[in-house]
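Examination of the molecular architecture
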Amino acid sequence: MTEPDDETLSALAHTGEQDVEVTLRPKKLGEFIGQPRVREQLELVLESARRRGVPPDHVLLSGPPGLGKTSMAMIIAAELGSALRITSGPALERAGDLAAMLSNLAPGDVLFIDEIHRIARPAEEMLYLAMEDFRVDVVVGKGPGATSIPLEIAPFTLVGATTRSGALTGPLRDRFGFTGQMEFYSDDELDQVVRRAARILDIEIDPLGSAEIARRSRGTPRIANRLLRRVRDYAEVRADGVATKQVVRAALEVYDVDELGLDRLDRAVLGALVKSFGGGPVGVSTLAVAVGEEPTTVEEVCEPYLVRAGMLARTPRGRVATAAAWEHLGLQPPERVLPDPGLFDQP
Ligand SMILES: Nc1ncnc2c1ncn2[C@@H]1O[C@H](COP(=O)(O)OP(=O)(O)O)[C@@H](O)[C@H]1O
Ligand SMILES: [Mg+2]
C-alpha cells in the first residue's frame, strides 16, 4: 500500500498520525467507549488487585488493529497509578534487550509489549520465568564456561497486545491471568467515538453526519477517527465547514470508501476471490499474491471485518466468498456459493 489514498481506511496506524491518536485516546476506563465485556472484566481484575495490594495478573489484549488495545494498555497503567513501559515483540530480538527492560522495572510497573506474538524465541523463554517468578536468568559467557545468574526483578504486570492470539505459543498464553478479546464496535458505539473526537478536534458535525461515518468505519474506532478528519478537510474546502450527511457522503466518495465502508484492498480481495477463483475455496497466500499484499496483512487487517460482515468465510479448504460478497460487487452469485455449514471453521 503505497498511495496515500489506500491508507485512508487501513486499520493500521500511519506514520505521522501518532499525535492525533494521542489526543484522541481515552485516558480512563470510564471514558472508554464500547467493549463492555472487556471493560467489566478488567474493572474486576484491577479492583481486586488494588484491594489485595498486589500488582494485577498479566493481561493479554487480543483483536484486530485499531480497536483500542494500546489505549486500553495505557488505561490499565493509569487506573493503577503505575508507570508504563512500552516495547514491542519485534523490538525484543535478543533476550538481552528484554533483560535490560525487566531489570529496570520498579515495583508495580506495567510493561506493555505490543505485537507480542512477534517476540523472538529466546526473549519469550526469558519472559516465562519473569511472568511467573519475577526472576530472569542472565547467561554470562559462552560455551561450556557459560553460567547463568539468577536476577530478581520487581513484581510487575505485563500487558501484551496481539492481532493474532492464535500465533501465541501455549506456554506464553497460559501465563496470562486474563485475556480481553476486543470485538468490533457497533454503529452506535462508533457514533459516540466520532462525536467525542469531533468535540475534541472542534469539528462541527450533525447527528446524521456522524451516524454515516460510524456506519462506514468497519467497526473500528481508528478508522472512524480518520474518516472524520478526511470529512473535516472536505467540509472546510468544499462546503461550509459543517459535516452533514451529504458532506460525509461526498467526502467518502472522494476517498473511495464504499457504502459498507470497504476500502480498495477489501474490494480487491473480494474481487480476486470472486472473479479469479470463482468464489473459492482458495488459500490465503494465493489470495494475497493475487492482490499484491502480504498474507499477514490480508489475514489480520482485511479478513476479520469481511468475515464479520458476512462476506467471506474461512473454511479448512480455504477462503470462500458468500452470496453477500457477489452481490456487493454487483455480480450474480452462482447457484451454490455457500459451503456446507459444517465446513466453517472460524476462529
Ligand atoms: N474505545 C474507544 N473510544 C474512543 N476512541 C478509541 C477507542 N478505542 C480506540 N480509539 C481510537 O482509536 C485509535 C486507535 O486505538 P489503539 O488503542 O491504538 O488501537 P490498537 O492498539 O488496537 O491498534 C486511538 O488513538 C483512539 O483515538
Ligand atoms: Mg496498538
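Remember, predicted model here, so these are calculated numbers, not experimental data.

Secondary structure summary: the protein chain contains 15 helices and nine strands in total. Across the 347 residues in the protein chain, those meeting the buried criterion constitute 48%. In the protein chain, once contacts between residues fewer than 6 apart in sequence are set aside, the share between residues at least 24 apart is 70%. Counting every atom, the protein chain has about 16,500 Å² of accessible surface; 50% of that belongs to carbon and sulfur.

By nearness alone, 19 residues border ligand 1, and R25, I33, G66, K69 and S71 come closest of all. Within the backbone of L67, one N or O atom sits 3.3 Å away from an oxygen atom of ligand 1. Contacts to ligand 1 include K69, whose backbone N or O atom sits 2.8 Å from an oxygen atom. Against a free-state accessible area of 560 Å², the protein chains account for coverage of 97% of ligand 1. Listed by contribution, the elements that provide at least two residues to the shell around ligand 1 are α2 (18-24), α4 (69-80), α8 (187-201) and α10 (221-238). Of the residues contributing to the shell around ligand 1, the split by class is nine nonpolar, five polar and five charged.

Our next topic: the domain arrangement of the protein chain. By domain assignment, the protein chain separates into domain 1 (16-181), domain 2 (187-255) and domain 3 (264-329). When each unit is reduced to the centre of its C-alpha atoms, the spacing between domain 1 and domain 3 is 33 Å. With five residues of domain 1 at the contact, the number on the domain 3 side is five residues. Taken as a group, P64, P65 and R164 account for 82% of the area that domain 1 buries against domain 3, more than any other trio of residues on that side. Notably, a salt bridge pairs R164 with E300, separated by 3.5 Å at the nearest N-O pair. Across the contact surface, domain 1 and domain 3 share two residue pairs in polar contact (both at pLDDT 80 or more). For the side of domain 1 that touches domain 3, the class distribution of residues is two nonpolar, two polar and one charged.

We now examine the UniProt feature "binding site: Mg(2+)" (unreviewed entry) in the protein chain. The residues that UniProt annotates with the feature "binding site: Mg(2+)" (unreviewed entry) are T70. Position of T70 relative to the elements: it lies in helix α4. Aside from chain neighbours lying at most four places away, what touches T70 is R25, F112 and D114.

Glancing now at the nonpolar core. The nonpolar side chains of a soluble globular protein tend to be buried, and buried together. In terms of nonpolar packing, the biggest core is built from 67 residues, with V159, I213, L228, V231 and V269 touching the most fellow members. A total of seven residues in this core trace back to one element, the largest contributor, which is α10. If sequence neighbours within four positions are ignored, L228 has contacts with V194, A197, A198, I203, I205 and I213.

This chain's UniProt record puts "binding site: ATP" (unreviewed entry) on L24, R25, G66, K69, T70, S71, E132, D133, F134, R175, Y185 and R222. The named residues occupy 199 residues along the chain; their greatest pairwise C-alpha distance, 36.8 Å, places them well apart from one another. In this structure, K69 sits in helix α4. Once residues lying within four places of it in the same chain are set aside, the contact partners of K69 are L61, S62, G63, P64, A161, T162, T163 and M182.

Glancing now at the packing of aromatic side chains. For any two aromatic rings, the description comes down to two numbers: the centre-to-centre distance and the angle of the planes. All chains considered together, the criterion is met by two aromatic pairs. Relative to F156, the ring of F134 lies with its centre 5.6 Å away and its plane at 70 degrees, an arrangement referred to as edge-to-face. Pair noted here: F134 is in the loop between α6 (121-133) and β4 (135-140) and F156 is in the loop between β5 (147-152) and β6 (157-162), with a separation of 22 residues, a long-range link. Residue class for F156 comes out buried when judged on its relative accessible area of 0%. Directly above the aromatic system of Y128 lies the positively charged group of R175, at a separation of 4.5 Å from the ring centroid.

So, on to the pairing of β6. In regular strands, side chains alternate between the two faces of the sheet. Of all six residues making up β6, six are buried, and the element is well covered by its neighbours. Where burial is concerned, the two faces of β6 agree: the one with T157, V159 and A161 and the one with L158, G160 and T162 are both buried. Across four bridges, strand β1 (residues 59-62) lies against β6 in parallel orientation. Of the residues in β6, the one forming a bridge with L60 is G160. Bridge count for strand β3 (residues 110-114) against β6 is four bridges, and the pairing is parallel. Each residue of the ladder has a partner; that of F112, found in β6, is V159.

Rules of the game
Along each chain, residues carry numbers from 1 onward, in the same order as the chain's sequence is written. Chains and ligands are labelled by the order in which they are written, letters from A for the one and numbers from 1 for the other. Residues qualify for local features only when their pLDDT is at least 70, as the model is predicted, and side-chain atom pairs are given and counted only at 80 or more; totals for whole chains, interfaces and linings, by contrast, use all residues. Side-chain metrics rest on all non-hydrogen atoms present in the structure, leaving aside hydrogens and water. Counting from the N terminus, the helices are the DSSP runs of H or I reaching at least four residues and the strands are the DSSP runs of E reaching at least two. Accessible area is worked out with a 1.4 Å probe on protein chains only. A residue is then buried under 20% of its type maximum, exposed over 50%, and partly exposed in between. Any pair of residues with heavy atoms lying within 4.5 Å of one another is described as a contacting pair. All accessible-area figures derive from a Shrake-Rupley calculation using a 1.4 Å probe, and residue coverage is judged against the displayed protein chains alone. A cutoff of 4 Å decides nearness: a residue is near a molecule or strand if any of its heavy atoms lies inside that distance of it. Two N or O atoms count as a polar contact when they lie within 3.5 Å, although within protein this holds only if one can serve as hydrogen donor and the other as acceptor, and sequence-adjacent residues are included solely when both atoms are side-chain atoms. Residue polarity is assigned by list, with Asp, Glu, Lys and Arg as charged and Ala, Val, Leu, Ile, Met, Phe, Trp, Tyr, Cys and Pro as nonpolar; anything else, Gly included, falls into the polar class. The source of the domain bounds is an automatic or database domain assignment. Note: buried area is the sum, over both parts, of the accessible area (probe 1.4 Å) each one loses when the two are combined. Just to be clear on terms, a salt bridge is a Lys or Arg side-chain nitrogen sitting within 4 Å of an Asp or Glu carboxyl oxygen. UniProt positions are given in the numbering used here, feature names are shortened, and annotations may be inferred rather than shown by experiment. Remark: nonpolar core denotes a set of buried residues (Ala, Val, Leu, Ile, Met, Phe, Trp, Tyr, Cys) joined through side-chain atoms within 4.5 Å. Aromatic pairs are defined between Phe, Tyr and Trp rings, using the six-membered ring for Trp, whenever the two ring centres lie within 6.5 Å; interplanar angles under 30 degrees are classed as stacked, those over 60 as edge-to-face, and all others as tilted. We count a charge as sitting over a ring when the NZ of a lysine or the CZ of an arginine lies within 6 Å of the ring centre and within 35 degrees of the ring normal. For two strands to pair, DSSP has to find at least two bridges joining them.

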